[in-house]
Amino acid sequence: MATDIKDTIHAVDAAALMGLLPARPRLLALGEPTHGEDTLLELRNELFRQLVEQEGYRTIALETDCLRGLVVDDHVTSGTGTLDEVMEHGFSHGWGVSAANRELVRWMRAYNEGRPAAERLRFAGFDGPLEITGAESPRQALAALHGYLAARVDADLLPCTADTLDELLDTDDRWTEPAAMMDPARSAGRSDEAGRLRLLADDLVALLDEQRPHLTTVSSPDEWDRACLYGRTALGLLRYHHWTADTSPARLARLVAVRDQMMSRNLLALADRGPTFVYAHNAHLQREKSSMRMGGRPLEWWSAGALVDAELGEEYAFVAMALGTIRHQGVDTPPPDTLEGLLYALSEERCVVEARRLAAVLGDGRPAPRVSPWFGYAPLDPAHLAADDGLVFVRDVPRR
């Protein structure tokens, strides 16, 4: 069997990834099974550079706050702000401290220097302004959307004034209350004010759509795209806060589903702009249903990748990533009867695997699922292999 498996592997480069696909997809997604390892992010950077130079990709989208990501995009496209400022303010999840993320931003800015706008690289966050432990206030998105419309349409068409939004939003700490994730009663998401804000946000987004013929003639493409992003984000955040205040057994499942639905709408908007390389956790990008345990409950939901795949079909491609060891986190040599164990035995430091061909080679002798001793690493489910366009295997992830 080892010889057959070896026939399914290739060196890791953009050409190998593209060779797995019938055509260049609008969204090429690479997953990771753990966060925060610069070894994996450096591999991501290398592949993005090759995709830019060889395949015409111009945008990279990461699992980070979509509104903060605008800070990074402004820097790489026009030099706004210093690199230190961008790393501090342009990333969520604490990922601005990553040396690999810093190098990505530095390289994109250097690449864009002196190039015409049509050839510049773009950066996007596609996550909502939220963490698994809570969500931001909808103030930034609502105020930006209202400001965009107020500057371009008759005031009589607006459903409210900016002052009304401020009054209903009150203080931001109402929305960011840390205890709300564990105690629904501490959430403002089902207050009378939140209900009114959801209706006003819906009216603002409807007005954006109704006035599109006019707005797209008085706005640059980037201004229009950002207004749409503000609208999606405002509605998504208000929906997320609504479910944070829920007391039913469906609460946590709804929260993870709302988050991935927000991600999917952002990815589809990026696909409309041009070929985009996407990097996030496998669970957000896979075609199969995602699952996890949270609050002692098993949760299942359709990931952003599954939702995008349902709309784009072959124009969405997903390449999963699997790892051998992360010894500094207690993840040691994988058992030989697991998928990771079979690949680890090949002694390749990293490789691209033809996932569907490997699934056919394994046939009914499907490997056992690997069990991780560390919560921060999610092994690949062997049952998903045939649904993936490819697999990147990294043998060892050292401490950095």
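- In the annotation of an unreviewed UniProt entry, the chain is listed under the name Erythromycin esterase-like protein and assigned to Streptomyces nymphaeiformis.

1. Here we look at the domain arrangement of the chain
Frequently, the measure chosen for interface size is the accessible area removed from exposure when the parts meet.
Here is step 1: The domain architecture assigned to the chain consists of domain 1 (1-132 + 264-397) and domain 2 (134-248).
Here is step 2: Relative placement of domain 1 and domain 2: their C-alpha centres are 30 Å apart.
Here is step 3: Residue-level contacts link 15 residues of domain 1 with 15 residues of domain 2.
Here is step 4: In total, about 1,200 Å² of surface goes out of reach between domain 1 and domain 2, with carbon and sulfur atoms giving 56% of it.
Here is step 5: When the buried area of domain 1 at its contact with domain 2 is split by residue, Leu 67, Leu 70 and Pro 129 rank highest and sum to 40% of it.
Here is step 6: Our enumeration of links across domain 1 and domain 2 arrives at three salt bridges.
Here is step 7: Measuring nitrogen to oxygen at the nearest pair gives 2.7 Å for the salt bridge that ties Arg 226 to Asp 74.
Here is step 8: One can count five residue pairs in polar contact (both at pLDDT 80 or more) joining domain 1 with domain 2.
Here is step 9: Elements represented by at least two residues in the side of domain 1 that touches domain 2 include exactly α4 (69-78), β5 (130-131) and α12 (251-273).

2. Details of the packing of aromatic side chains
In this description, a pair of aromatic rings is defined by centroid distance and the angle of the planes.
Here is step 1: Evaluated as defined, the whole model comprises five aromatic pairs.
Here is step 2: Ring centres of Phe 48 and Trp 107 lie 6.1 Å apart, and the angle between their planes is 80°; on these two criteria the pair is classed as edge-to-face. Of this pair, Phe 48 sits in helix α3 (residues 38-55) while Trp 107 sits in helix α6 (residues 99-112), placing them 59 residues apart in sequence.
Here is step 3: Aromatic side chains Phe 91 and Phe 123 sit 5.6 Å apart centroid to centroid with 70° between the ring planes, which places their arrangement in the edge-to-face category. Of this pair, Phe 91 sits in the loop between α5 (83-89) and α6 while Phe 123 sits in strand β4 (residues 122-127), and the two are 32 residues apart along the sequence. No difference in accessibility class separates Phe 91 from Phe 123, as the two residues are buried.
Here is step 4: Through pairs of rings, three or more aromatic residues link up here, namely Phe 48, Trp 107, Tyr 111 and Phe 277.
Here is step 5: Here the guanidinium or amino end of Arg 254 rests over the ring plane of Trp 243, the centre of that ring lying 4.9 Å away.

3. A look at helix α8 (residues 162-169)
Here is step 1: For α8, every residue scored as buried is listed here: Leu 165, Leu 168 and Leu 169. One face of α8 carries all of its buried residues, which in axial projection span an arc of 95°. In α8, the exposed positions angled more than 90 degrees off the buried face are occupied by Asp 163 and Glu 167.
Here is step 2: Contact partners of the buried residues in α8: α7 (139-150) and α9 (192-210).

4. Thoughts on the layout of surface pockets
Here is step 1: Considered as a void within the structure, the largest pocket measures approximately 1,200 Å³ in volume.
Here is step 2: Lining the largest pocket are 38 residues, with His 281, Ala 283, Met 292, Phe 375 and Ala 378 positioned closest to its centre.
Here is step 3: The greatest single-element share of the lining of the largest pocket, amounting to four residues, is contributed by strand β8 (residues 290-294).
Here is step 4: Of the residues that constitute the lining of the largest pocket, the class distribution is 17 nonpolar, 12 polar and nine charged.
Here is step 5: There is about 920 Å³ of room inside the second largest pocket.
Here is step 6: Lining the second largest pocket are 37 residues, and of these Cys 228, Leu 229, Arg 232, Arg 265 and Ala 269 lie nearest its centre.
Here is step 7: At the level of elements, α4, β4, α9, α11 (221-244), α12 and α14 (304-312) are the ones that each hand at least two residues to the lining of the second largest pocket.
Here is step 8: In terms of residue count, α11 provides more of the lining of the second largest pocket than any other element does, 12 residues in total.
Here is step 9: Residues belonging to the lining of the second largest pocket are distributed by class as follows: 15 nonpolar, eight polar and 14 charged.

5. A few points about the packing of α11 against α12
Here is step 1: Look at α11 against α12: their axes get within 9 Å of each other, and the N-to-C directions meet at 175°. Here α11 lies roughly antiparallel to α12, going by the angle between them. On α12, the residues that touch Asp 225, Leu 229, Arg 232, Thr 233, Gly 236, Leu 237, Arg 239, Tyr 240, Trp 243 and Thr 244 of α11 are Arg 251, Arg 254, Leu 255, Val 258, Arg 259, Gln 261, Met 262, Arg 265, Asn 266, Ala 269 and Arg 273.
Here is step 2: Class assignment of the residues belonging to the contact of α11 with α12 gives a composition of eight nonpolar, five polar and eight charged.

6. Focus on the pairing of β8
Here is step 1: As paired elements, β8 and strand β9 (residues 297-301) share five bridges and run antiparallel to each other. Bridged to Met 292 within β9 is Leu 299.

The rules we used
- Residues numbered from 1 in each chain as written.
- Predicted model: local features only at pLDDT ≥ 70, side-chain atom pairs only at ≥ 80, totals over all residues.
- Heavy atoms only, no water.
- Domains from an automatic or database assignment.
- Contact = heavy atoms within 4.5 Å.
- Buried area = accessible area lost by both parts, 1.4 Å probe.
- Salt bridge = Lys/Arg side-chain N within 4 Å of Asp/Glu carboxyl O.
- Polar contact = N/O pair within 3.5 Å; in protein donor to acceptor, adjacent residues only side chain to side chain.
- Helix = DSSP H or I, 4+ residues; strand = E, 2+ residues; numbered from the N terminus.
- Phe/Tyr/Trp six-rings, centres within 6.5 Å; stacked < 30°, edge-to-face > 60°.
- Buried < 20%, exposed > 50% of the residue type's maximum accessible area, 1.4 Å probe, protein only.
- Lys NZ or Arg CZ within 6 Å of the ring centre and 35° of its normal.
- Arc of directions from axis to C-beta.
- 1 Å grid on protein atoms, 1.4 Å probe; cavity = no way out; pocket = protein on both sides within 12 Å on 5 of 7 lines; lining within 4 Å.
- Points joined across faces, edges and corners; volume = space filled by probe spheres on them.
- Nonpolar A, V, L, I, M, F, W, Y, C, P; charged D, E, K, R; others polar.
- Axes fitted to C-alpha atoms, helices over the stretch in contact; angles between N-to-C directions.
- Parallel < 35°, antiparallel > 145°, perpendicular 65-115°, else oblique.
- Pairing = 2+ DSSP bridges.

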